[in-house]
Amino acid sequence: MKNTTLLKIANDFGSPVYVYDAEKIEFQYKRLTKAFSKVKQLRLNYAVKALSNISILKLFNKLGSSIDTVSIQEVQLGLKAGFKPENIIFTPNGVSLDEIEKAAKLGVQINIDNLSILEQFGTKHPKVPVCIRINPHVMAGGNTNISVGHIDSKFGISIHQIPLLLRIIKNTKMNINGIHMHTGSDILDIDVFLYASEILFETAKHFKNLDFIDFGSGFKVPYKAGDIETNIEELGEKLSKRFNEFCKEYGKELTLAFEPGKFLVSEAGVFLANVNAVKQTTSTVFAQIDTGFNHLIRPMLYGSQHDIVNISNPKGRERFYSVVGYICETDTFANNRRIAEINEGDILCFKNAGAYCFSMASNYNSRYKPAEVLLYKGKAQLIRKREVFEDILHNQIEIAL
Ligand SMILES: *Cc1c(COP(=O)(O)O)cnc(C)c1O
């Protein structure tokens, strides 16, 4: 997206504002599809939680994608966006049996990640096909905040519990039609991923009626210059070959599924904020912007680095800034970052703001959540209004005191 386009959007729709580029989303979707073109049946389940605006979901539906959901509300959103129930997989963790039953009633694919719920669900609904989430205890990435496959993780059914898992399935006569893993975000090492896949293939052999194997996600995208990204093409080449071999061994053409969030939408999004004030202290120059961790929490929550570009003065002389928000907390987006000279009123552009940015926004400090704009076929369209004061009071009850 060009600077001039973004400046116009900030001018027309106000700041702060999230902007998404439909073309980039489509590009990533097609890139992933192409990498796995040698697999006969491929299914991409876009992970809704990364960016859940209904217009974005409609875009994915149009591209032919399926979706991965983690709450009954995401299931409902998906249905509202036009997805057929059979194109929705429900992969929650730690939810009640009741919520899983509600999703099953809506006809979506259930994915269960704990033995207690599996036994209860299987006892009551032995005919409903269920996918099981396996924890292969493989650590991809290396940051314990975002790796979910390792031994202490709360996610999935441990591969060491396979005997008990098989006993439950035998006793309840339930139908397991898929197996799943999601080893966590940020896959750097393709060999680690392939190693985890082998564990999944080994596990798959225990089940005779599988339709699909879901390899989760965690594909890494570059956040800053020099970052490594998952080599999707190499992974596609290697895993497709192995998957096709496995299908022969298994005696059935299975569907290979993935559920990427970040890979599909991260780079398609930017976040635009206005510089309220430039404040020089004895040691630092702060650029204070009209947002905070209420709108973009990833730098403070995960220490993630989002590139920041001064699109109002892109050719300006570079200087060092600390970019901070307006929340009454230490909400630092960047420390000592080299950015083209910033003046009050400039628009700063945060890169990689498509995934886990707006979807984690809150109303902290009673601030409005930002607007969202989708650039689609060259036209900027509002897909979420900026909140107004009534939204802050919505659901609050003033009692007589
Ligand atoms: C969050 C999540 C994903 C998406 O992960 P990304 O790193 O955004 O690709 C996929 N599967 C499950 C089960 C998830 O919880």
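Residues numbered from 1 in each chain as written. Predicted model: local features only at pLDDT ≥ 70, side-chain atom pairs only at ≥ 80, totals over all residues. Heavy atoms only, no water.

### Side note on the domain arrangement of the protein chain
Interfaces are frequently sized by the accessible area removed from exposure as the parts join. Heads up, the condition is: Where each domain begins and ends follows an automated or database-derived domain assignment. The criterion used for residue contact is that any of the two residues' heavy atoms lie within 4.5 Å. Throughout, buried area stands for the accessible area (probe radius 1.4 Å) lost by two parts on being put together, summed over both. The salt bridge criterion pairs a side-chain nitrogen of Lys or Arg with a carboxyl oxygen of Asp or Glu, the two atoms within 4 Å. Under this definition, polar contacts are N or O atom pairs within 3.5 Å; protein pairs additionally need one hydrogen-donor-capable and one acceptor-capable atom, and for neighbouring residues in sequence, both atoms have to be side-chain atoms. By definition, any uninterrupted DSSP run of H or I lasting at least four residues is a helix, any uninterrupted run of E lasting at least two residues is a strand, and each is numbered from the N terminus. Gly counts as polar in this scheme, as do all residues outside two lists: the nonpolar Ala, Val, Leu, Ile, Met, Phe, Trp, Tyr, Cys and Pro, and the charged Asp, Glu, Lys and Arg.
Per the domain assignment, the segments making up the protein chain are domain 1 (22–265) and domain 2 (269–385). Here domain 1 and domain 2 have C-alpha centroids that lie 32 Å from each other. Each partner contributes to the interface: domain 1 provides 19 residues, whereas domain 2 provides 19 residues. Buried surface at the junction of domain 1 and domain 2, both sides included, amounts to about 1700 Å², of which 50% is carbon and sulfur. Across the domain 1-domain 2 interface, the total number found is 0 salt bridges. On inspection of domain 1 and its partner domain 2, the count reaches 9 residue pairs in polar contact (both at pLDDT 80 or more). Breaking the side of domain 1 that touches domain 2 down by element, the ones donating at least two residues are α3 (54–63) and α10 (262–265). Looking at the side of domain 1 that touches domain 2 element by element, the count peaks at 4 residues for α3. Counted by class, the side of domain 1 that touches domain 2 contains 11 nonpolar, 4 polar and 4 charged residues.

### What about the side chain of S66?
Rule in force here: Three labels apply to residues, based on accessible area from a 1.4 Å probe with only protein chains included: buried if under 20% of the type maximum, exposed if over 50%, partly exposed otherwise in between.
The residue S66 is located in strand β3 (residues 66–69) in this model. S66 gets classed as buried once you look at its relative accessible area, which sits at 5%. Setting aside residues up to four positions removed in sequence, S66 forms contacts with R43, L44, N45, Y46, F83 and N87.

### Focus: empty space enclosed by the protein
For clarity, the cut-off: Definitions used throughout: a 1 Å grid over protein atoms alone; a cavity as a set of points that fits a 1.4 Å probe which cannot get out; a pocket as an open set with protein on both sides within 12 Å along at least five of seven lines; a lining residue as one with an atom within 4 Å of a point. Grid points are joined across faces, edges and corners, and a volume is the space filled by probe spheres set on the points.
Using the criterion set out here, one finds 1 cavity of 30 Å³ or more in the structure. Roughly 50 Å³ of volume is contained in the largest cavity. Around the largest cavity sit P92, N93, G94, V95, I100, N111, I112, D113, N114 and I117, which together line it. Of the residues belonging to the lining of the largest cavity, the class tally is 5 nonpolar, 4 polar and 1 charged.

### With respect to the nonpolar core
Stated formally: Buried residues of nine kinds, namely Ala, Val, Leu, Ile, Met, Phe, Trp, Tyr and Cys, make up a nonpolar core once their side-chain atoms join them within 4.5 Å.
If you look at the biggest cluster of nonpolar residues, it comprises 102 residues, and the most contacted ones within it are Y46, L118, L165, I213, F215, L239 and V323. Per-element tally for this core: the top contributor is helix α8 (residues 190–204), with 8 residues. Split by domain, the residues of this core number at least three in each of domain 1 (22–265) and domain 2 (269–385). Apart from residues lying up to four places away in sequence, I213 is in contact with I179, L200, F201, A204, F243, F246, L254, T255, L256 and A257.

### Re the packing of helix α2 (residues 22–35) against helix α9 (residues 232–250)
The condition that has to hold: Axis geometry follows a simple rule: fit a line to the C-alpha atoms, using only the stretch in contact for helices, then measure angles between N-to-C directions, giving values from 0 to 180 degrees.
Look at α2 against α9: their axes get within 8 Å of each other, and the N-to-C directions meet at 35°. Two secondary-structure elements touch here, α2 through R31, L32 and A35 and α9 through I232, E233, G236, E237 and S240. In terms of residue class, the contact of α2 with α9 is made up of 3 nonpolar, 2 polar and 3 charged.

### Some thoughts on unusual backbone geometry
With an omega of -5°, the peptide bond between S15 and P16 qualifies as cis. Structurally, the position occupied by P16 is in the loop between α1 (3–13) and β1 (17–21). A positive phi angle is found at N336, which is not glycine, with a value near 50°. Topologically, N336 is positioned in strand β15 (residues 332–340).

### What about the pattern of salt bridges?
Under the counting rule described, the total for this entry stands at 19 salt bridges. With its nearest N and O atoms 3.9 Å apart, the salt bridge here joins E229 to R31. With E229 in the loop between β9 (212–214) and α9 and R31 in helix α2, this residue pair connects regions lying 198 residues apart in the sequence. Take E229: its relative accessible area is 35%, and that puts it in the partly exposed class. For the salt bridge of K238 with E234, the shortest nitrogen-to-oxygen distance reads 2.8 Å. In this pair, K238 and E234 are both assigned in helix α9, 4 residues apart and thus about one turn of the helix distant. One network of salt bridges, with partners in common, ties together E198, K241, R242 and E245.

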